[in-house]
Amino acid sequence: MAKKKKVVIVDQELTPTVLANFGKRKFPLIGVIILVIIFGAVIFYLPDISVLLDKYLPFLGITTPEGYYKEPSNNPSQKEEEETVIDEYQYTEDLAIEEKDFILNNFVLKENNILAIDINNKNSISLNLNDYNYYLQLYNSEKTLLQRIKFDDIIVNAKGRSTIEYNLNRTDIAYFTFFEITPDEYPAYIPNQNLDKEATLICTKDNRRINYLLNDNKLYAIEDIITVSNTDPNYANLYTNYQANMTIYNNIPGVTSTLNVEEGSLKFSTYINLNALGTNNVNEITYPKDTDAKIMNFELASKGYECK
């Protein structure tokens, strides 16, 4: 497994406590010594006394005074702190990363900075990586993080195999890590806000720009803009596809989509009002209303977007 847990005991030093303030001595020395011995004995046997009180007071019709000494709790959650230990995998030809439900192998660095990986489903039911939150992290020989890739939008048939490919920023890979990162573990991120706490998280990749509109760092609307030059070899096919998508999107409550040709390029724009969208999902960059900015920032960065 790429993620292990180990228990770390929190050993906190006891805080000194003032038990009593003594004024002028009124007893002879022997009396003080006896008093200290009695006091020490009471402190030493206090846990046993507490147990006896718990056992016999109810029979006498006496309720336990609030705040009296109780046996220290043995609840591990109060004494233990979980520490995450992440495995590093050296990049070799025979590298295999095995998880509970699947195995990653055949790591191949291809031309044009493309990394190919096989995913082998170990189970007799289909595997949907959207049910997990796995990230592949790439490091160089100096243990510097080169890139983080989110494993989602991947479905592998029962006992089947699928090959996935990712574009890399750099190819000097020496190590991998592969483990789940929950949204609670994402680092906090707050774009620049105005006086009304409004902000826009802008994420761009190739010919796409996504504006996530925020209020108090919570998402309420999305602007998705795709621009394609008429010199693009796929221009005609893309125009047809976007035209079909525009018709579909405009039939979804809260969504307005337009397709325009201007200055030698097409512009496919979609505005998503999350207050009116409900539970509908428009496309892969749609997030629910009130999603924190850190979610989009972290996840889109792992998909090759630059966010700011």
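If you're wondering where the values come from, they're calculated on a predicted model, not measured in any experiment.

## Brief notes about the nonpolar core
Okay, step 1: Tyr 212, Leu 219, Ile 222, Met 296 and Leu 300 are the most contacted members of the largest nonpolar core, which has 34 residues in total.
Okay, step 2: Contributions of two or more residues to this core are made by β13 (198-205), β14 (208-215), β15 (218-229), α3 (235-249), β16 (255-262), β17 (265-273), α4 (274-277) and α5 (293-301).
Okay, step 3: With 5 residues, the single largest contributor to this core is α5.
Okay, step 4: Dropping the residues within four chain positions of it, Ile 222 is found in contact with Ile 210, Asn 211, Tyr 212, Thr 270, Tyr 271, Ile 272, Leu 274, Ile 285, Thr 286 and Tyr 287.

## Things to note about α5
Within an α-helix, residues lying three or four positions from one another point in the same direction, as the helix has 3.6 residues per turn.
Okay, step 1: Extensive coverage of α5 is indicated by the burial of 8 of its 9 residues.
Okay, step 2: Of the residues making up α5, those classed as buried are Ala 293, Lys 294, Ile 295, Met 296, Asn 297, Phe 298, Glu 299 and Leu 300.
Okay, step 3: Packed against the buried residues of α5 are β8 (134-139), β9 (145-150), β13, β14, β15 and β18 (306-307).
Okay, step 4: In this structure Asp 292 caps α5, since a side-chain oxygen of it lies 2.9 Å from the backbone nitrogen of Lys 294.

## Some points on the pattern of salt bridges
Okay, step 1: Under the defined criterion, the tally for this structure stands at 11 salt bridges.
Okay, step 2: The shortest N-O distance in the salt bridge between Glu 165 and Lys 110 comes to 2.6 Å. Placement of Glu 165 in strand β11 (residues 161-167) and of Lys 110 in strand β5 (residues 102-110) is noted, with a sequence separation of 55 residues between them.
Okay, step 3: A salt bridge links Asp 172 to Arg 170; the nearest nitrogen and oxygen atoms lie 2.7 Å apart.
Okay, step 4: Note on Arg 170: relative accessible area 43%, which makes it partly exposed.
Okay, step 5: Sharing partners across several salt bridges, the network here consists of Lys 150, Asp 152 and Lys 303.

Cut-off values and rules
- Residues numbered from 1 in each chain as written.
- Predicted model: local features only at pLDDT ≥ 70, side-chain atom pairs only at ≥ 80, totals over all residues.
- Heavy atoms only, no water.
- Core = buried A, V, L, I, M, F, W, Y, C linked by side-chain atoms within 4.5 Å.
- Buried < 20%, exposed > 50% of the residue type's maximum accessible area, 1.4 Å probe, protein only.
- Helix = DSSP H or I, 4+ residues; strand = E, 2+ residues; numbered from the N terminus.
- Contact = heavy atoms within 4.5 Å.
- Polar contact = N/O pair within 3.5 Å; in protein donor to acceptor, adjacent residues only side chain to side chain.
- Salt bridge = Lys/Arg side-chain N within 4 Å of Asp/Glu carboxyl O.

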